[in-house]
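# Structure assessment
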Amino acid sequence: MLPRTSVYGCQSPRTGVYGISVTAGLTGIDPQTLRLYERRGLIAPDRTPGGTRRYSDADDVAALRHITALVAGGVNIAGIGRILHLDARNQRLEEDNAYLRSMLGAYEKEGAPALRLVESPMMV
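One structure accompanies this document, and this report is about it. In this convention, every chain numbers its residues from 1, walking through the sequence in written order. The predicted nature of this model means local features are confined to residues of pLDDT at least 70 and side-chain atom pairs, given and counted, to a pLDDT of 80 or more, with totals for whole chains, interfaces and linings taken over all residues. Remark: hydrogens and water are excluded; side-chain values derive from all non-hydrogen atoms of the structure.

## A word on the overall build of the chain
Let me state the cut-off plainly: Numbered from the N terminus, helices here are DSSP runs of H or I no shorter than four residues, and strands are runs of E no shorter than two. Each residue is assigned to one of three classes by its accessible area relative to the maximum for its type, calculated with a 1.4 Å probe on protein chains only: buried under 20%, partly exposed between the two thresholds, exposed over 50%. Contact definition: two residues touch when any of their heavy atoms are within 4.5 Å. The Shrake-Rupley method, run with a 1.4 Å probe sphere, supplies the accessible areas, and residue values consider only the shown protein chains as cover.
Looking only at helices and strands, the chain features 4 helices and 2 strands. In the chain, the order of α-helices and β-strands from amino to carboxyl end is α-α-β-β-α-α. Across the 124 residues in the chain, those meeting the buried criterion constitute 23%. Of the contacts made within the chain by residues no fewer than 6 positions apart, 46% connect residues no fewer than 24 positions apart. For the chain, the exposed area adds up to about 8700 Å²; of that, 57% sits on carbon and sulfur atoms.

The following block contains the structure:
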């Protein structure tokens, strides 16, 4: 996998830069536990061409801090996987909703007949 970079060619916070020992130090999680979390699909660090794991700030370290908080709260690995899946799904739905609202606004600005949305407490 090629490293993720910004439009200016600099590494973005999503670029895997930390090795497993540095990530273990940053998060307080043992390297074997990091490997376990990867095997269970909780994280997916980048890999170098030689296969070395590279963890990013934005994706991996942030997720590991979230995982650590869930473990401290007594959530098991299966539960953490489900929570992470639902968090990601919720984020995608929020992005889709924002996009559709912007498209509706553009549609209405063009003078098209206004479509009325029924506002629910969940849409606020």
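On we go.
## Section: helix α3 (residues 57-72)
Basically, it comes down to this: For a helix, the expected span equals 1.5 Å multiplied by the number of residues minus one. In protein, a polar contact requires one atom able to donate a hydrogen and another able to accept it; more generally it is a pair of N or O atoms within 3.5 Å, and residues adjacent in sequence count only if both atoms are side-chain atoms.
An ideal rise of 1.5 Å per residue puts 22 Å on 16 residues; α3 measures up with 21 Å between its terminal C-alpha atoms. Among all positions in α3, only Asp60, Val61, Ala63, Leu64, Ile67 and Leu70 are buried. Looking at the packing, one finds that the buried side of α3 touches α1 (20-27), α2 (31-39), β2 (53-54) and α4 (77-109). Backbone nitrogen of Asp59 and a side-chain oxygen of the N-cap are separated by 3.2 Å at the start of α3; the cap is Ser56. Backbone geometry just downstream of α3 places Gly74 in the positive-phi region, at approximately 90 degrees.

## Comments concerning the nonpolar core
In plain terms, the rule: We call a set of buried Ala, Val, Leu, Ile, Met, Phe, Trp, Tyr and Cys residues a nonpolar core when their side-chain atoms join them within 4.5 Å.
Membership of the largest hydrophobic core comes to 14 residues, with the highest contact counts inside it found for Leu34, Tyr37, Leu42, Ile43, Leu64, Ile67 and Ile80. When contributions to this core are tallied by element, the ones reaching two or more residues are α1, α2, α3 and α4. At 4 residues, α3 tops the list of elements feeding residues into this core. Ignoring anything within four residues of it in the chain, the contact list for Ile67 reads Tyr37, Leu42, Ile43, Ile80 and Leu84.

## What to know about α1
Put simply, the rule reads: Each C-beta atom gives one direction from the helix axis, and the arc is the one those directions make.
The set of residues buried in α1 consists of Ile20, Thr23, Ala24 and Thr27. End-on view of α1: buried residues confined to an arc of 105 degrees, all on one side of the axis. In α1, the exposed positions angled more than 90 degrees off the buried face are occupied by Ser21 and Gly25. Buried residues along α1 sit in contact with α2, β2 and α3.

## A short note on the packing of α1 against α3
Basically, it comes down to this: For helices, the fitted axis covers only the stretch in contact; all axes are lines through C-alpha atoms, and the angles between them, taken along N-to-C directions, range from 0 to 180 degrees. Convention used here: angles under 35 degrees read as roughly parallel, angles over 145 as roughly antiparallel, angles from 65 to 115 as roughly perpendicular, and any remaining angle as oblique. Left-handed describes a crossing whose near helix is turned anticlockwise from the far helix by less than a right angle; the clockwise case is right-handed. Polar here means any residue other than Ala, Val, Leu, Ile, Met, Phe, Trp, Tyr, Cys and Pro, which are nonpolar, and Asp, Glu, Lys and Arg, which are charged; Gly is therefore polar.
Where α1 contacts α3, the two axes come as close as 10 Å, and the packing angle between them is 40 degrees. It follows that α1 is oblique to α3 by the angle criterion. Crossing geometry of α1 relative to α3 is assigned as right-handed. Taking contact as the criterion, the partners of Thr23, Leu26 and Thr27 in α1 are, on α3, Val61, Leu64 and Arg65. For the contact of α1 with α3, a count of residues per class yields 3 nonpolar, 2 polar and 1 charged.

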